[in-house]
Amino acid sequence: MTDLFSSREAEAAIARIEQQVAEAQVRAVQAQQVQADIDAVRASATSPRREVTVTVDAAGRLAGIRLADAAYELRTDALERLIVETAGRAQVLAGEQALEITRAAFGADSPIVGHLASELDREPPSQPMGFRV
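Figured I'd write up the structure that's included with this text. Throughout, residues of each chain are indexed from 1 in the direction in which the sequence is written. Confidence filtering applies because this is a predicted model: local features only for residues at pLDDT of at least 70, side-chain atom pairs given and counted only at 80 or more, and all residues used for totals across whole chains, interfaces and linings. Values reported for side chains reflect all heavy atoms of the structure, with hydrogen atoms and water molecules removed beforehand.

1. Notes on the overall build of the chain
The line we're drawing: Helix and strand assignments come from DSSP, with helices taken as H or I runs of at least 4 residues and strands as E runs of at least 2, each series counted from the N terminus. Only protein chains enter the accessibility calculation, which uses a 1.4 Å probe. A residue is then buried if its area is under 20% of the maximum for its type, exposed if over 50%, and partly exposed in between. To be clear on the numbers: accessible area is Shrake-Rupley with a 1.4 Å probe, and residue cover counts the displayed protein chains and nothing else.
Scanning the chain from terminus to terminus reveals three helices and three strands. Taken across its 133 residues, the chain has 21% of its residues classed as buried. On the chain, roughly 9,900 Å² of surface is accessible, and the fraction owed to carbon and sulfur atoms is 55%.

Structure below.
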């Protein structure tokens, strides 16, 4: 009788493990799709008077800048500031898109969503960094 009971327990344990493996495979496929969707995110912002349009990806990396003729009439420091401000706005939009993709995939209460939301809430630098090569 104990062999039969042990056999049932073993079968139940195997079934639970197989179910967990199947669920993990579904989550892996879902995570790959979320990553692909986030990789495809592009967001653009345009300055109020349309001198500058900046496009970024979900990570905030610069994907493009378009300068209208009016941009060349600005002082250099004003144009620099306008590009940084417009890029910042595009980054917010891209972040919101990535957050929505993540929320739809994992649910609003997911720790992944919470982490991404906290990253998006961080303040950007207030001044352009002035990189030189």
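2. Side note on the pairing of strand E2 (residues 52-57)
Quick note on the threshold: At least two bridges found by DSSP between two strands is the condition for calling them paired.
Of all the six residues making up E2, six are buried; the element is thus mostly covered by neighbouring parts of the structure. Pairing analysis gives five bridges linking strand E1 (residues 42-46) to E2, with the strands arranged antiparallel. Its bridge partner lying in E2, serine 44 is registered against threonine 55. Between E1 and the antiparallel strand that follows it, E2, lie five residues; arginine 50 among them carries a positive phi value of about 70°. In sequence, E2 turns back onto strand E3 (residues 62-67) through a hairpin of four residues, with glycine 60 there showing a positive phi of about 90°.

3. Topic: the nonpolar core
Rules: Think of a nonpolar core as a cluster: buried Ala, Val, Leu, Ile, Met, Phe, Trp, Tyr and Cys residues, connected wherever their side-chain atoms sit within 4.5 Å. We call two residues in contact whenever any of their non-hydrogen atoms come within 4.5 Å of each other.
If you look at the biggest cluster of nonpolar residues, it comprises twelve residues: Val41, Ala43, Ala45, Val52, Val54, Val56, Ala71, Leu79, Leu82, Ala87, Ala90 and Ala94. When contributions to this core are tallied by element, the ones reaching two or more residues are E1, E2 and helix H2 (76-106). Among the elements that make up this core, the one with the highest residue count is H2 (five residues). Not counting the four nearest positions on each side in its chain, leucine 82 is found in contact with Ser47, Glu51, Val52 and Leu74.

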